[in-house]
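# Fold and geometry: a report
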Amino acid sequence: MKKEDAKKRTTVTGQLRMLTLSAVFVVALLLGVVSVIFSLFQIMSDYKNYAETSTIHLRDALENGHEDWQYESETGILTVNGKELSVELFNRINDEDPNVYHTFFLDDTRVVTNIKNEKGEYVLGTQADPGIYAKVKSGQTYTKNNVKIIGKDYTVCYLPIYSNGAFFGMLFTGISQSAVNKVILQSVMNILLFGIIGMAVVTIIAQSVLKKVSKEVSERLNSEYADLERFSDEVRSIADRTDQEAGEISKAMENVATEAVNQADASQQAMAGTEEFSANIDVVDNEINESYSFIDTIKNCLSDSENSINQLNDSIDSNNRLVADISEDIRDGVESTQKAKKIVDSINEIAMHINILALNASVEASHAGIYGRGFAVVADEIKNLAGASTKSVNETTEIIEDIVSTMNKTSKSNVQLVEINKEQLARSEDVRKKMAALKENIEEIELKINNIKEKSGNLEVVKNELVEAVSSLSSASQENAAISQEVSASTETVGQDVADLTESLNSIADICASLKDMVDFFG
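Residues numbered from 1 in each chain as written. Predicted model: local features only at pLDDT ≥ 70, side-chain atom pairs only at ≥ 80, totals over all residues. Heavy atoms only, no water.

## A short note on the overall build of the protein
In terms of regular secondary structure, the protein is built from seven helices and eight strands. Put simply, the protein has 523 residues, and 37% of those count as buried. (Helix = DSSP H or I, 4+ residues; strand = E, 2+ residues; numbered from the N terminus. Buried < 20%, exposed > 50% of the residue type's maximum accessible area, 1.4 Å probe, protein only.)

## Considering a nonpolar patch on the surface
On the surface, a cluster of nonpolar side chains totalling about 470 Å² of accessible area is made up of Leu29, Val33, Ile37, Leu40 and Phe41. With respect to the helices and strands, the residue Val33 is situated in helix α1 (residues 2-63). Looking at Val33, the relative accessible area reads 42%, which means it is partly exposed. (Patch = residues over 30% accessible without salt bridge, like charges linked within 9 Å, V, L, I, M, F, W, Y side chains within 5 Å. Areas by Shrake-Rupley, 256 points an atom, 1.4 Å probe, with all protein chains shown as cover. Salt bridge = Lys/Arg side-chain N within 4 Å of Asp/Glu carboxyl O.)

## A word on the sheet that holds strand β8 (residues 166-176)
Sheets are built from strands that pair by backbone hydrogen bonding, the pairs being arranged parallel or antiparallel. Pairing in this open sheet of five strands is antiparallel, and the strands run β5-β4-β8-β7-β6 from one edge to the other. Among the strands making up the open sheet, the edge pair consists of β5 (109-113) and β6 (142-149). The sheet shows a mean angle of 35° between the axes of neighbouring strands, direction not considered. Sheet strands in contact with helix α2 (residues 87-96) are β4 (100-106), β5 and β8, and its direction is about 155° off that of β4. Strands β6, β7 (152-163) and β8 of the sheet are contacted by helix α3 (residues 130-137), whose axis makes an angle of about 125° with β8. (Pairing = 2+ DSSP bridges. Axes fitted to C-alpha atoms, helices over the stretch in contact; angles between N-to-C directions. Contact = heavy atoms within 4.5 Å.)

## Quick notes on α2
Burial in α2 covers these residues: Val87, Leu89, Phe90, Ile93 and Asn94. Each buried residue of α2 sits inside an arc of 160° when the element is viewed along its axis, so together they form one side. (Arc of directions from axis to C-beta.)

## A look at the nonpolar core
Leu58, Trp69, Leu78, Leu85 and Phe104 are the most contacted members of the largest nonpolar core, which has 19 residues in total. Elements represented by at least two residues in this core include exactly α1, β2 (77-80), α2, β5, β8 and α5 (263-368). Each residue touching Leu85, except ones within four places of it in the same chain, is listed here: Leu62, Trp69, Leu78, Thr79, Phe90, Phe104 and Val112. Of all hydrophobic cores here, the second largest spans 15 residues; its members include Val136, Val156, Tyr158 and Phe172. (Core = buried A, V, L, I, M, F, W, Y, C linked by side-chain atoms within 4.5 Å.)

## Focus: the pairing of β7
Counting buried residues in β7 gives nine out of 12 residues, a clear majority hidden from the surface. Pairing of β6 with β7 involves six bridges; the strand directions are antiparallel. By the bridge assignment for β7, Thr143 is matched with Cys157. Between the end of β6 and the start of β7, which pair antiparallel, lie two residues, with Ile150 showing a positive phi angle near 50°. As judged from the 10 bridges shared by β7 and β8, these two strands associate in the antiparallel manner. Within the sheet, the bridge partner assigned to Cys157 lies in β8 and is Thr173. Linking two consecutive strands that pair antiparallel, namely β7 and β8, is a turn of two residues; a positive phi of about 55° is found at Asn164 within it.

## Quick word on the sheet that holds strand β3 (residues 83-84)
One open sheet holds the three strands; their spatial order is β1-β2-β3, and the pairing between them is antiparallel. The open sheet is flanked by β1 (69-72) and β3, the only strands paired with a single partner. Where β2 and β3 come together, two bridges link them in antiparallel fashion. Within the sheet, the bridge partner assigned to Val80 lies in β3 and is Lys83.

## Description of the pairing of β4
For β4, the buried fraction is high: five of the seven residues fall into the buried class. Here seven bridges tie β4 to β8, and the two strands are oriented antiparallel to one another. When the bridges of β8 are listed, Thr103 appears paired with Phe172. Direction of pairing for β4 relative to β5: antiparallel, over a ladder of four bridges. Counterpart to Thr103 in the pairing with β5 is Thr113.

## Description of a negative patch on the surface
Together, Asp46, Glu395, Glu398 and Glu401 line one region of the surface with negative charge. At three residues, helix α6 (residues 373-471) tops the list of elements feeding residues into the negative patch. Secondary-structure assignment places Glu395 in helix α6. On the basis of relative accessibility, which here comes to 41%, the residue Glu395 falls in the partly exposed class. (Lys, Arg positive; Asp, Glu negative; His and termini not counted. Charge placed at Lys NZ, Arg CZ, Asp CG, Glu CD.)

## Some thoughts on the pattern of salt bridges
Counted under the stated rule, the structure contains three salt bridges. Residue Arg331 pairs with Glu328 through a salt bridge whose shortest N-O separation is 2.4 Å. Of the two residues, Arg331 and Glu328 are both situated in helix α5; the distance of three residues between them amounts to about one turn of the helix. Since its relative accessible area comes to 43%, Arg331 is described here as partly exposed.

## Quick look at α3
Among all positions in α3, only Ile132, Tyr133 and Val136 are buried. On an axial view of α3, the arc spanned by its buried residues comes to 100°, and they lie on one face. Here the buried face of α3 lies against β6, β7 and β8. Sitting at the amino-terminal end of α3 is Asp129, which places a side-chain oxygen 3.0 Å from the backbone nitrogen of Gly131. Immediately beyond the C-terminal end of α3, within one or two residues, lies Gly139, with a positive phi of roughly 105°. (Polar contact = N/O pair within 3.5 Å; in protein donor to acceptor, adjacent residues only side chain to side chain.)

## Some details on the environment of Asp510
Mapping Asp510 onto the fold places it in helix α7 (residues 477-522). Residue Asp510 is classed as exposed on the basis of its relative accessible area of 53%. Sequence separation of Asp510 and Leu438 is 72 residues, and the distance between their C-alpha atoms is 9.5 Å.

Bear in mind that shape data such as this cannot, by itself, settle questions of function.
What follows is the structure, encoded as structure tokens:
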């Protein structure tokens with residue numbers, strides 16, 4: 001039966017641990033999904049902003065402060081401030097970033113573009129979407145993800161163009177959606193990877209701390225429980241022997257009362273019964289003295305158990321303080337990463353301005369012809385450096401955001417660890433209360449044993465009187481019967497005290513079982 005109970009407690013403990021770990025994984029999974037969704041929308045928003053910024057920079061570089069656009073319908077030549085805008089400029093920009101395409105719409109018709117159809121031909125003469133055209137013509141800048149153009153998806157920006165104050169057309173920038181999707185996929189994979197690593201680290205640390213504490217407490221409490229169970233069994237054995245001996249005394253005294261009529265036989269039997277009675281009283285006294293020793297041992301065990309519980313509480317308090325220090329360090333780390341992100345944003349802004357200057361320089365160099373080739377090479381190199389700087393800054397920003405996300409997850413896991421420590425503290429307090437109840441039962445047992453000792457003293461008086469009665473049995477048979485009845489009453493009282501002692505021992509057994517459950521939980 002004990003093996004089955006232990007097996008059940010072990011199974012329940014395992015289920016509780018599995019439930020706790022499952023809750024941690026579910027919470028971590030939900031946080032991961034929220035992070036992925038947030039990152040997805042953030043990346044798509046960033047690319048819309050990038051498309052809009054690129055379109056604005058291109059317009060400003062072409063106009064250079066003047067809105068003088070002209071289109072010769074006979075030759076199909078588009079000029080801005082007297083300089084021709086050809087597809088070669090769009091192609092140079094596309095060479096620098098293969099995922100970026102540009103188009104100029106005369107009113108709603110493509111007249112200059114580097115977007116090609118499936119045959120490899122520029123899609124000139126086609127019209128823009130009527131809904132988009134209506135919004136842009138009203139003066140709005142239109143940006144959106146996943147817009148299908150000639151069978152392919154783009155993140156787009158349409159910017160209104162004015163010539164001498166009148167609406168002239170639209171300048172378009174499109175970023176290939178497949179490239180955007182690759183960035184999104186890579187970001188999601190990075191978030192999931194860091195999330196899994198962070199969750200694994202927190203789980204390992206929590207398991208290690210809890211296992212160490214629970215193992216120490218389990219060993220101490222198991223030792224105390226074994227001693228307590230052994231002493232309880234010994235006290236129960238003493239109570240059983242006392243009850244048996246009291247029954248034997250009662251039976252002997254009944255024989256004395258029955259045989260009191262026969263003087264001679266009664267004298268011999270009374271003497272024999274008196275000797276046996278005296279021996280039994282001595283045995284009871286010895287067992288009572290041993291019971292006092294066992295009770296002292298049990299009290300010492302309870303004192304040691306209370307010390308162990310106090311040490312456990314101190315250990316849990318130390319863990320809580322350590323977790324608080326870790327949480328404070330995490331908050332400091334988050335603040336530092338936020339400062340680093342501001343610095344990175346400043347670098348990104350500088351790189352963006354350099355890119356604009358390089359673009360302006362490329363345009364001016366193309367206008368200068370052969371004399372501007374050297375300057376165009378320098379401008380292209382500056383633009384390449386600015387692009388590389390922007391890419392590095394974006395990667396650094398992603399890493400910083402991943403670090404902040406991981407720190408936030410670790411902080412939440414620390415909060416969960418504090419809650420687990422609080423639960424263990426509450427359970428240790430429950431163990432303390434069980435021990436207090438056990439101490440009260442031990443004191444009650446001590447009181448019962450004192451009562452038994454007092455009754456045994458009464459039996460000693462009765463024994464002396466019985467010896468005197470037997471020596472003068474011929475003249476005092478009635479007195480012998482009275483004494484026998486008194487002895488029987490005393491033995492019945494002893495039996496009742498033994499029954500009370502047995503009941504107290506059963507209470508101790510129940511408390512021991514509860515204590516064992518607590519030990520199994522901590523184990």
